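Structure assessment
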Amino acid sequence: MDRNRAPVRVGMLGLGTVGAGVADVLQGKDSSLGRRLGRPIVLGKVLVRDLNKTRSVPSGLLTASASDVIDSPDIDLVVEVLGGIDPAFDYVRRSLVNGKHVITANKELMANHGLELLTVAQEHGCDLFFEASVGGGIPLIGPFRQDLAANEITEIHAIINGTTNYILTRMTEDGASFHQALEEATEKGYAEPDPTNDVDGHDSAYKLAILASLAFGGPVPPEAVYKEGIRHLSTVDFDYARELGYTIKLLATSKRDAGGVEVRVHPALVTRDYLLSQVSGVENAVRIKGDLLGHALFAGRGAGPGPTSSAIVADLIDLVHNINSGTHARIPARFDEGLVIKPMSEVISRYYFRVWVADRAGVLARIGQVCATTGISIAALVQKEADPSSGTAEIVILTHAAREADMQAAVAGIAGLEVVDRVATLLRVEDLTDED
């Protein structure tokens with residue numbers, strides 16, 4: 001048989017929601033994929049935990065032994081959809097060492113071990129594709145590695161977690177509390193039973209680490225990403241943000257300047273009339289700025305079996321074209337180990353903070369004195385509410401751009417004043433326009 005017409009046999013590691021979606025595509029579109037690629041695509045062995053569970057894949061293809069996929073000479077290409085690092089890292093590495101191409105949707109794996117695995121793939125003449133690891137069905141990895149290669153990327157602003165975006169949309173549009181919106185997200189299947197990875201920013205941090213590594217050509221470990229979740233947000237902050245011309249999003253931000261790269265995930269006030277702020281529900285969006293391109297926005301469904309399966313199968317099609325042409329690593333991974341990651345304390349931002357104070361004369365002067373001492377310039381100050389029963393009033397303050405360390409010092413100083421009851425909220429502000 002002509003080698004270029006021989007079937008490509010696909011082994012799968014995992015058959016959960018996404019894995020089952022991929023298997024359904026491979027079985028349901030096998031004829032059209034075969035015609036498109038000029039050779040049959042055959043689903044081989046599939047690793048599962050429970051062989052007795054009823055599945056859409058024929059039982060004869062199922063195995064409880066990873067070796068039947070990783071070490072089998074009959075498998076040409078491995079799709080890893082297990083998630084997590086252990087045992088996925090070992091399985092993917094062994095597959096590459098055995099000369100098998102790999103496609104993964106595993107953001108945690110690629111954020112923590114992507115550089116090592118890409119190096120192993122190159123050393124063993126294989127490809128490692130990971131389009132589905134960030135943004136689900138939105139094409140991002142390919143454009144970052146190839147289409148945007150002529151650009152010096154200086155900024156990334158991204159909404160890359162559908163669960164938190166759904167929660168924040170409900171809080172923005174309907175006045176729901178965080179707990180109400182989270183409960184709805186869980187009922188609709190948008191949130192996991194344990195939503196920690198999503199609502200505390202870990203999921204977005206993994207994805208941002210991958211994008212920043214590709215955009216800036218150096219390893220960005222996920223532990224270097226500053227993370228702040230959305231549990232502490234109050235519905236009143238959404239009302240005040242709207243009055244000020246903003247909305248609140250969990251924003252993944254990375255910027256590069258002469259001092260290095262900043263990488264941070266946290267709730268932020270985003271200019272309300274800008275496209276990124278209008279991404280609602282479980283949608284994702286990534287905005288980049290390049291020296292040649294200017295601004296570009298990638299948006300679409302960022303999660304779920306359909307979009308993720310789409311990205312995995314797109315990688316498979318690309319990879320089989322490589323196999324047909326006898327090539328691999330057409331776009332090799334090269335990273336600058338000297339990339340400098342800025343500490344969060346050196347980040348420059350504008351700030352919104354809300355504080356409850358004693359409702360009496362001289363309070364604003366005391367707050368202004370602390371801000372002046374710490375180098376914080378106040379752009380706007382508004383008294384919002386008063387509580388006669390406790391003798392306190394609520395004040396909202398917007399600042400000019402300031403260093404994070406200085407802002408934190410100001411907040412600590414303000415919180416320590418005897419005329420201050422509490423600092424209720426501190427959020428960063430991103431004034432996004434097409435001209436910046």
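It should be noted that the structure appears before, not after, this text.
Residues numbered from 1 in each chain as written. Predicted model: local features only at pLDDT ≥ 70, side-chain atom pairs only at ≥ 80, totals over all residues. Heavy atoms only, no water.

Here we look at the nonpolar core
Here is the rule: Each nonpolar core is a collection of buried residues, namely Ala, Val, Leu, Ile, Met, Phe, Trp, Tyr and Cys, held together in the definition by side-chain atoms within 4.5 Å. Note on classification: 1.4 Å probe, protein chains only; a residue is buried when its accessible area is under 20% of the maximum for its type, exposed when over 50%, partly exposed between these limits. In DSSP terms, a helix is any run of H or I states spanning at least four residues, a strand is any run of E spanning at least two, and both are numbered starting from the N terminus. For this analysis, residues touch if any pair of their heavy atoms sits within 4.5 Å.
If you look at the biggest cluster of nonpolar residues, it comprises 81 residues, and the most contacted ones within it are F144, I156 and I167. Sort the elements by how many residues they give to this core and helix α10 (residues 202–216) lands first, with 10 residues. Beyond its immediate stretch of four places on either side in the chain, F144 contacts I153, I156, L211, L214, A215 and I288. Counting 29 residues, the second largest nonpolar core, distinct from the first, contains M12, L33, A132 and V320.

Describing the pairing of strand β2 (residues 41–47)
For clarity, the cut-off: Paired strands, as defined in this entry, are two strands with at least two bridges between them according to DSSP.
In terms of residue burial, β2 counts as a mostly covered element, since five of its seven residues are buried. As defined by bridge partners, strand β1 (residues 8–13) adjoins β2 across five bridges and the pair is classed as parallel. In the sheet register, V8 faces β2, and the bridge partner there is I41. With two bridges joining them, β2 and strand β3 (residues 62–63) adopt parallel strand pairing. Bridged to V46 within β3 is L62.

Points about the sheet that holds strand β5 (residues 101–104)
Spatially, β3-β2-β1-β4-β5-β6 is the arrangement adopted by the six strands of the open sheet, whose pairing is parallel. The open sheet has two edge strands, β3 and β6 (128–129), and neither has a second partner. Sheet topology places strand β4 (residues 77–80) next to β5; four bridges connect them, and they run parallel. Paired with V79 across the two strands is I103, which belongs to β5.

Here we look at the pattern of salt bridges
Threshold: We define a salt bridge as a contact between a side-chain nitrogen of Lys or Arg and a carboxyl oxygen of Asp or Glu at a distance within 4 Å.
The full count for this structure, using the stated rule, is 24 salt bridges. Taking the shortest distance from any N to any O, the salt bridge between R428 and E228 comes out at 3.3 Å. Of this pair, R428 sits in strand β17 (residues 420–430) while E228 sits in the loop between β8 (226–227) and α11 (235–243); the two residues are 200 residues apart in sequence, bridging distant segments of the chain. Under the relative-accessibility criterion, R428 is labelled buried at 1%. Beyond isolated ion pairs, a larger network of salt bridges with shared partners links K255, E262, R264 and E430.

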